[in-house]
2 protein chains.
Amino acid sequence: MAYKRIGAQTVRLETPPSVAAGACVVGQKEGEGPLRKWFDYISDDSYFGQESWEKAESVMLSKCFSLCCDKAKLAPSDIHYLFAGDLLNQCVGSTFAARDLPIPFYGVYGACSTMAESLSLAAMAVDGGFADAACAMTSSHFCSAERQFRLPLEYGGQRTPTAQWTVTGAGALILTAEGNGPYVTHITTGRIRDAGVTDANNMGAAMAPAAYETLTAHFADTGRGPEYYDAIITGDLGRFGHEILTDLFLRDGVDLGPCSTDCGRLIYDPAAQDVHAGGSGCGCSASVLCGHILQRMTCGDWPRVLFAATGALMSVTSSQQGESIPGICHAVALETDGGF
Amino acid sequence: MAYKRIGAQTVRLETPPSVAAGACVVGQKEGEGPLRKWFDYISDDSYFGQESWEKAESVMLSKCFSLCCDKAKLAPSDIHYLFAGDLLNQCVGSTFAARDLPIPFYGVYGACSTMAESLSLAAMAVDGGFADAACAMTSSHFCSAERQFRLPLEYGGQRTPTAQWTVTGAGALILTAEGNGPYVTHITTGRIRDAGVTDANNMGAAMAPAAYETLTAHFADTGRGPEYYDAIITGDLGRFGHEILTDLFLRDGVDLGPCSTDCGRLIYDPAAQDVHAGGSGCGCSASVLCGHILQRMTCGDWPRVLFAATGALMSVTSSQQGESIPGICHAVALETDGGF
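Each chain has its residues counted from 1, following the order in which its sequence is written. Chain letters and ligand numbers both follow the written order, the letters beginning at A and the numbers at 1. Per-residue local features are limited, in this predicted model, to residues with pLDDT of at least 70; the limit for side-chain atom pairs, both in listing and counting, is 80 or more; totals at the level of whole chains, interfaces and linings are taken over all residues.

Q: I'd love a proper account of the overall build of chain A, names of residues and values included.
A: Helix and strand counts for chain A stand at 10 helices and 14 strands. It is over C-alpha atoms that the radius of gyration is taken, and the globule rule equals 2.2 Å times the number of residues to the power 0.38. Here the C-alpha atoms of chain A give a radius of gyration of 18 Å, agreeing with the 20 Å that 2.2 N^0.38 yields for 340 residues. Projected onto the principal axes, the alpha-carbon positions of chain A cover approximately 55 × 50 × 35 Å. A total of 340 residues make up chain A; the buried ones form 64% of that total. Residue pairs are scored as contacts if the distance between their C-beta atoms, which are placed from the backbone, is within 7 Å. Across chain A, contacts joining residues at least 24 apart in sequence account for 79% of those joining residues at least 6 apart. Only DSSP runs of H or I covering at least 4 residues are called helices, and only runs of E covering at least 2 are called strands; the numbering of each starts at the N terminus. Residues are called buried when their C-beta atom has 20 or more other C-beta atoms within 10 Å, exposed when it has 12 or fewer, and partly exposed otherwise; all C-beta atoms are positioned from the backbone.

Right under this line is the structure:
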């Protein structure tokens, strides 16, 4: 067995798994944003035909999974593992979406980093010889998240300028052992980093130090610099968090450059859509990865992408108890040339 | 790369990871039960010196992790991945315990199946060549769980006879690529199974069909029968759930036999401790595995154990919305002879 570790936090995959397909489903607001042409399905009904927003989130995820299977030309029973999670308490968005599926299931929780976590574990499952095909998927829903984490929607609470808007969206991605790419080539797994931020309306600031540390580890472990990648895309630091990340690197004399952006900055139009610091939620980086990013890779625009999803690992209870907000970031290198 | 799948839901590990150490920390009630001599640390303070039960749960988990590192003679920085989760919303028990650790972190959620899930993923990380050492850990706390899932403790609500008692306990287990066992030899990953049970006070009934299906898959995939194992230990079906599991197998003409038991039945004394149908919570199967089960293996009593933790994948919200309770069960074969 080949040894795959190439540093403190990074593994280089021996036989890089190939992305067989990605699919994304979003809500109306996301469908009105600048990435509209990359989404597979845009629902103008925030209930997705259900009677609660939580059920809507599960149905959105189920629809996304079905689309992904169709695009990959795989039956659900061909998929050996499903790694999924979401923001709802006890991850019921995912478990209720997966309860009708005949697929061995591992629930994961990484807050808004969940897409990178599930993608990392799916890639390890395939590269490690445990699966021919594995699926990573996640979701968030503005309405179910608002009432769980913040206030009832009916209350109409004011939002601070640093607040982000939880994306109604889901992303699913199927990896296979054989395929034509893009390939998952490297995984840098994040450590939890608590910078002491306590403002739950400024999660970009809480997560930016984690993104800085994971990207720094990725560059150190791989010997690559930012210039190696055509796009370095965090998610979801939002506008202020991404500025903090850029500043942290500038202090080291490293310019992340114009290829650096953030899913939370991409998904909405800040001039036309009232979202303050940008998008957030597991479904933000998931739907941007599985639509925009993958398609920009396959069309040749971006042969090399570093996808670095970030999560704020707090709960309502921890914030009410005065705790600070731990952050995490996992980075996954996707390349159209798998190095074969 | 060797191909490790041996059936629809099972992988046979190529170079079975070795258990370097297991550790468990529990509360006073658990320390008064029949397994008291197997626990590493029993706290008579349910607050573990903290000001809230949620913080207590994190401190319990941190203590358990430290004990495990000490027993394995490994520094935290020697551990390449930490897989952890718990029952609290957004898994803050684990994330706050891990925020001071220099270890790449993957959060997992499988309700009371979390110890089997984290153990499975840690074993795959080591067997797949991604890590020299990986840790799986999880916890639950009676007081933090009661107020989150049920009622304020001060209310003194009556419990139905089928209700289980959430264990205050944590378990941690470190796997290494090299070692003298016990070894993780097979992993059977569960599918979600919703049998339509809606009574959140009868989770054994909700989870038993999942345990039945995963164990059936394990026997079919491996060609082994129940008689292969010295102990088949589910967790946490409790008394009624375990009886349902036994009945389901008897319908197939399969007698699980006297070696079959359940962590929820083992941890408390039903005659002397008022726990109704037995123990539950992630910390139940975790503390029983990392104490009692591992030590019974290493002392030679049980050379072959099938550990099959079960989880009920509901939330307060899903139950309030009238949803049934999906169950899951993951099975992990532990053997003192790794087949080398």
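Q: Go over the interface of chain A and chain B with me, naming the residues and quoting the values.
A: Quite often, the size of an interface is put as the accessible area lost when its parts meet. Taken together, the contact pairs 56 residues of chain A with 56 residues of chain B. Among the elements of the structure, β4 (81-86), α3 (92-98), β5 (105-107), α4 (114-127) and α10 (316-320) of chain A are those that each provide at least two residues to the side of chain A that touches chain B. If one sorts the elements of the side of chain A that touches chain B by residue count, α4(A) sits on top with 5 residues. Split into classes, the residues belonging to the side of chain A that touches chain B amount to 28 nonpolar, 18 polar and 10 charged. Each residue gets one label: Ala, Val, Leu, Ile, Met, Phe, Trp, Tyr, Cys and Pro are nonpolar, Asp, Glu, Lys and Arg are charged, and the others, such as Gly, are polar.

Q: A description of the domain arrangement of chain A should follow, citing residues and the corresponding values.
A: Residues and elements named next belong to chain A. Looking at chain A, the domain boundaries give domain 1 (10-176) and domain 2 (183-335). Where each domain starts and ends comes from a domain assignment, either automatic or drawn from a database. One C-alpha centre belongs to domain 1, the other to domain 2, and the line joining them spans 17 Å. The interface of domain 1 with domain 2 comprises 55 residues on the first partner and 58 residues on the second. Mapped onto the side of domain 1 that touches domain 2, the elements with two or more residues apiece are β1 (10-12), β2 (18-26), α1 (28-31), α4, β6 (133-140), α5 (142-149), β7 (165-166) and β8 (169-176). For the side of domain 1 that touches domain 2, the residue count by class is 29 nonpolar, 18 polar and 8 charged.

Q: Pulling in residues and values, what's your account of the relation of the copies chain A and chain B?
A: Copies overlap after least-squares fitting; the atoms used are the C-alpha atoms of residues with pLDDT of at least 70 in both. Under the fitted operation, chain A is carried onto chain B by 0.0 Å of movement along the axis and a turn of 180°, and the coordinates agree to an RMSD of 0.0 Å. One copy is carried onto the other by what is essentially a two-fold rotation axis. Comparing interface residues between copies, 100% of those in chain A also lie at the interface in chain B; the contact surface is shared.

Q: An account of the pairing of β4(A) is needed here, citing residue identities and associated values.
A: Residues and elements named next belong to chain A. Burial runs high along β4: 6 of the 6 residues are buried. Side-chain alternation along β4 places Y81, F83 and G85 on one buried face and L82, A84 and D86 on a second face that is also buried. In the sheet, β4 pairs with β6 via 6 bridges, with the strands oriented parallel. Residue pairing in the sheet places L82 in a bridge with C135 of β6. Strands pair, by our definition, only if DSSP identifies at least two bridges between them.

Q: Hey, could you go over helix α6 (residues 203-222) of chain A for me, with residue numbers and the actual values?
A: For α6(A), which comprises 20 residues, the first-to-last C-alpha distance of 28 Å matches the rise-based estimate of 28 Å (1.5 Å per residue) to within 8%. Two residues or fewer after α6(A) comes G223(A), characterised by a positive phi angle close to 75°. By this rule, a helix spans an expected 1.5 Å times one less than how many residues it contains.

Q: Can you break down the pairing of strand β6 (residues 133-140) of chain B residue by residue, with the values?
A: All names here are of chain B. Judged by how many residues are buried, β6 sits mostly within the fold: 8 of 8 residues are covered. Inspection of the sheet shows β6 paired to strand β8 (residues 169-176) by 8 bridges, in the antiparallel sense. Bridge assignment links A136 to a residue of β8, and that residue is L173.

Q: Give a description of helix α9 (residues 282-298) of chain A that names residues and reports values.
A: All names here are of chain A. The end-to-end C-alpha distance of α9, which contains 17 residues, comes to 23 Å, matching closely the 24 Å that a straight helix rising 1.5 Å per residue would cover. One axis is fitted to the seven residues ending at the residue and one to the seven starting there. The bend at that residue is the angle between these axes. Most pronounced at L289, the bend in α9 amounts to some 40°. Counted residue by residue, α9 has 14 buried out of 17 residues, so it is predominantly covered. Downstream of α9 by a residue or two, G300 has a phi angle that is positive, lying close to 100°.

Q: Go over the environment of Q50(B), please, and point to the residues and values.
A: All names here are of chain B. Here Q50 lies in the loop between β3 (41-42) and α2 (53-72). Given 16 C-beta atoms within 10 Å, Q50 falls into the partly exposed group. The spacing of Q50 and C112 is 62 residues in sequence and 24 Å in space, taken between C-alpha atoms. Those residues in contact with Q50 that sit more than four places away from it in its chain are K55, A56 and V59.

Q: Tell me about the packing of α6(A) against helix α7 (residues 238-251) of chain A, and name the residues and values.
A: Packed helices, taken two at a time, are described by the angle their axes make and the gap between the axes. Residues and elements named next belong to chain A. To get an axis, fit a line to the C-alpha atoms, keeping to the stretch in contact for a helix; angles then go from 0 to 180 degrees between the N-to-C directions. For the pair α6 and α7, interaxial distance at closest approach is 8 Å and the crossing angle is 35°. Crossing of α6 against α7: the hand is right-handed. Counted together, G204, A205, M207, A208, A211 and Y212 of α6 and G238, F240, G241, I244, L245, L248 and F249 of α7 form the full contact between these two elements. In terms of residue class, the contact of α6 with α7 is built from 10 nonpolar, 3 polar and no charged. Note on convention: the crossing is left-handed when the near helix lies turned anticlockwise from the far helix by less than a right angle, right-handed when the turn is clockwise.

Q: Explain unusual backbone geometry residue by residue, including any values.
A: The residue after G235(A), namely D236(A), is reached through a cis peptide bond having omega 15°. When you line up the elements, D236(A) lands in the loop between β10 (231-235) and α7. In this structure, H276(A) is a non-glycine residue whose phi angle is positive, near 55°. Mapping H276(A) onto the fold places it in the loop between α8 (263-266) and β12 (279-280). Positive phi is not limited to glycine here, since Q90(B) has a value of about 60°. Positionally, Q90(B) belongs in the loop between β4 (81-86) and α3 (92-98). By C-beta crowding, Q90(B) is classed as buried, having 27 other C-beta atoms within 10 Å.

Q: An account of the environment of A208(B) is requested, with residue identities and associated values reported.
A: Residues and elements named next belong to chain B. Relative to the elements of secondary structure, A208 occurs in helix α6 (residues 203-222). For the pair A208 and G85, spaced 123 residues apart in sequence, the C-alpha separation works out to 22 Å. Leaving out residues up to four positions away in the same chain, A208 has contacts with L237, G241, I244, L245 and L248.

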